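Observations on the three-dimensional arrangement
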Amino acid sequence: MRIYLDLLKDVLENGVDKGDRTGTGTKSVFGRQIRHNLKDGFPLLTTKKLHFKSIANELIWFLNGNTNNQWLNENGVKIWDQWALEDGSLGPIYGEQWTAWPTKDGKKINQIDYVIDTLKNNPNSRRILFHGWNVEYLPDETVSPQENARNGRMALPPCHLLYQFYVANGKLSGQLYIRSSDIFLGLPYNMASLSLLVHMLCQQCDLEPGEVIVSFGDLHAYSNHTEQIQEQLSREPRGLPTLELVRKPDSIYGYKFEDFVIHNYDAHPNIKAPVAI
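Our subject in this report is the structure included herewith. Each chain has its residues counted from 1, running along the sequence as written. Side-chain atom pairs in this predicted model are given and counted only at pLDDT of 80 or more, local residue features only at pLDDT of at least 70, and totals for whole chains, interfaces and linings cover all residues. Working from all heavy atoms in the structure, the side-chain values ignore hydrogens and water.

**Side note on the overall build of the protein**
Selection rule: Helix numbering and strand numbering both begin at the N terminus, where a helix is a DSSP run of H or I of at least 4 residues and a strand a DSSP run of E of at least 2. Here the globule rule reads 2.2 Å times residues to the power 0.38, and the radius of gyration is calculated from C-alpha atoms. The rule is simple: take the accessible area with a 1.4 Å probe, protein chains only, and divide by the maximum for that residue type; under 20% is buried, over 50% is exposed, in between is partly exposed. What makes two residues a contact is simply this: any of their non-hydrogen atoms within 4.5 Å. Working definition of accessibility: Shrake-Rupley area with a 1.4 Å probe, residue cover restricted to the visible protein chains.
Assigned secondary structure in the protein consists of eight helices and 10 strands. The C-alpha atoms of the protein give a radius of gyration of 18 Å, which matches the 19 Å a tight globule of 277 residues would have. Each of the three principal axes of the protein carries a C-alpha extent, and together these read 45 × 45 × 35 Å. The proportion of buried residues among the 277 residues of the protein is 51%. Taking contacts inside the protein between residues at least 6 apart in sequence as the whole, the part at least 24 apart equals 69%. Within the structure as shown, the protein displays about 13000 Å² of accessible surface, and the carbon and sulfur contribution to it stands at 47%.

This is how it looks when you write it as structure tokens:
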């Protein structure tokens, strides 16, 4: 994906030096966008190999409203380990807000059900969206993620916080707004996760995949990722793989990792980099 490499260059060349919550330091730009037509392949980066199992299982975890890290660990995913309590709790993060948004009368709203119902019955709607920015449960930045989870708040606030969908000519496109995006480690996962979600919604709602668009607020490269980014920029992109959904579950909540097959994923080796906690 040449467009992703161009975005990496943009951040390195035009970013301003900024401090951040983690104390690591970043080069940061504000207000960018990346888009990809899914007919051109599934956007798993080829300039470094991504762990698709983590991407798929995290999305399944979100969609099932799970907020405990134990299920991820049991399914080979470690990406939330640094923020979880000893019992696996992460507080009311993404999945709870997506599928069980609490109301003032003690009820729950499933935003994913709303999206699917609207795609099927009112696809011209301009309100086909869900989000996770529930102000009441945002973490207190003065305490640790674990302490926030212990206090019934989110361990971390949503970074990928608003998803909107658009139907035209039988094709479904999805746009994601990310308020804070780690371009080296986080963005490749978010792009692939959004694309996977669009494919799943297409299968459930009898639509064809269109475009995926990611819009950014603060897009940044951590100061301890510069060498890794330079290594990635030295690599030539290869052809994108394709995604096959081998089974259609009864609902969006019934998918398993085995339902997804990535074909012809020819990627350069993974590049390890530290996660800013």
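**Details of the layout of surface pockets**
What counts, and what does not: A cavity here means a set of points on a 1 Å grid, drawn over the protein atoms and nothing else, where a 1.4 Å probe fits but cannot get out; a pocket is an open set with protein on both sides within 12 Å along at least five of seven lines, and a residue lines either one if it has an atom within 4 Å of a point. Grid points are joined across faces, edges and corners, and a volume is the space filled by probe spheres set on the points. Residue classes follow a fixed rule: Ala, Val, Leu, Ile, Met, Phe, Trp, Tyr, Cys and Pro count as nonpolar, while Asp, Glu, Lys and Arg count as charged, and any other residue, Gly among them, counts as polar.
By volume, the second largest pocket amounts to about 160 Å³. Lining the second largest pocket, in full, are Pro123, Asn124, Ser125, Arg126, Gln164, Phe165, Tyr166, Val167, Ser173, Gly174, Gln175 and Ile213. Looking at the lining of the second largest pocket, the elements with two or more residues in it are β6 (160-168) and β7 (171-182). For the lining of the second largest pocket, the element with the most residues is β6, which contributes four residues. Its residues placed into classes, the lining of the second largest pocket shows five nonpolar, six polar and one charged.

**A short note on helix α7 (residues 186-205)**
Formally: Every helix has an expected span of 1.5 Å times one less than the residues it contains.
Here α7 spans 28 Å end to end across 20 residues, near enough to the 28 Å set by a 1.5 Å rise per residue. A large share of α7 lies buried, amounting to 18 of its 20 residues. Directly beyond the C-terminal end of α7, a positive phi value near 55° is found at Asp206.

**As for the pattern of salt bridges**
Stated precisely, the cut-off is as follows: Whenever Lys or Arg places a side-chain nitrogen within 4 Å of a carboxyl oxygen from Asp or Glu, that contact is recorded as a salt bridge.
Following the criterion strictly, the structure yields 11 salt bridges and no others. Note that Asp17 and Lys27 form a salt bridge whose closest N and O atoms lie 3.1 Å from each other. Placement of the pair is Asp17 in strand β1 (residues 16-18) and Lys27 in strand β2 (residues 26-37), with a sequence separation of 10 residues. Among the residues examined, Asp17 registers a relative accessible area of 63% and is labelled exposed. Using a relative accessible area of 29% as the deciding quantity, one classes Lys27 as partly exposed. Where Glu86 meets Arg150, a salt bridge forms, and the shortest distance between an N and an O atom there is 3.9 Å. Taken together, the positions of Glu86 in the loop between α3 (69-74) and α4 (94-99) and Arg150 in helix α6 (residues 145-150) put the pair 64 residues apart, joining distant regions of the chain.

**Describing the packing of helix α1 (residues 2-14) against helix α8 (residues 226-233)**
Between two packed helices, the angle of one axis relative to the other and the distance separating the axes together describe the packing. Condition: For helices, the fitted axis covers only the stretch in contact; all axes are lines through C-alpha atoms, and the angles between them, taken along N-to-C directions, range from 0 to 180 degrees. Angular relationships are summarised with four words: roughly parallel below 35 degrees, roughly antiparallel beyond 145, roughly perpendicular across 65 to 115, and oblique for the angles in between. Left-handed describes a crossing whose near helix is turned anticlockwise from the far helix by less than a right angle; the clockwise case is right-handed.
Between α1 and α8, the least distance of the axes is 10 Å, while the angle of their chain directions is 140°. Classified by the angle between their axes, α1 and α8 sit oblique to one another. Regarding α1 and α8, the two cross each other, and that crossing is left-handed. Taking contact as the criterion, the partners of Tyr4, Leu5, Leu8, Lys9 and Leu12 in α1 are, on α8, Ile229, Gln230, Gln232 and Leu233. Of the residues contributing to the contact of α1 with α8, the split by class is six nonpolar, two polar and one charged.

**With respect to the environment of Ala168**
By the secondary structure assignment, Ala168 is in strand β6. Exposure remark for Ala168: the relative accessible area of 29% places this residue in the partly exposed category. Between the alpha carbons of Ala168 and Gly210 there is a distance of 8.7 Å; along the sequence they are 42 residues apart.

**So, the nonpolar core**
Inclusion rule: Working definition of a nonpolar core: buried Ala, Val, Leu, Ile, Met, Phe, Trp, Tyr and Cys residues. They are joined through side-chain atoms within 4.5 Å.
Residues Trp80, Phe165 and Phe260 are the most contacted members of the largest nonpolar core, which totals 76 residues. In terms of residue count, α7 provides more of this core than any other element does, 11 residues in total. Apart from the residues within four sequence positions on either side, Trp80 is in contact with Glu58, Trp61, Phe62, Asn69, Leu72, Leu90, Ile93, Tyr94 and Leu156.

**Considering the sheet that holds β1**
Here is the rule we go by: In this description, strands pair whenever DSSP reports at least two bridges between them.
Read from one edge to the other, the open sheet built from six strands follows the order β1-β2-β8-β7-β6-β5, with strand pairing classed as mixed. Two strands bound the open sheet, and with one partner strand each, they are β1 and β5 (129-131). Direction aside, the axes of adjacent strands within the sheet are offset by 20° on average. Pairing geometry for β6 and β7, over eight bridges, is antiparallel. In the strand pairing of β7, Gln164 is matched with Gln175. Sitting on the sheet, α7 touches β2, β5, β6, β7 and β8 (208-222), and the angle it makes with β8 is about 160°.

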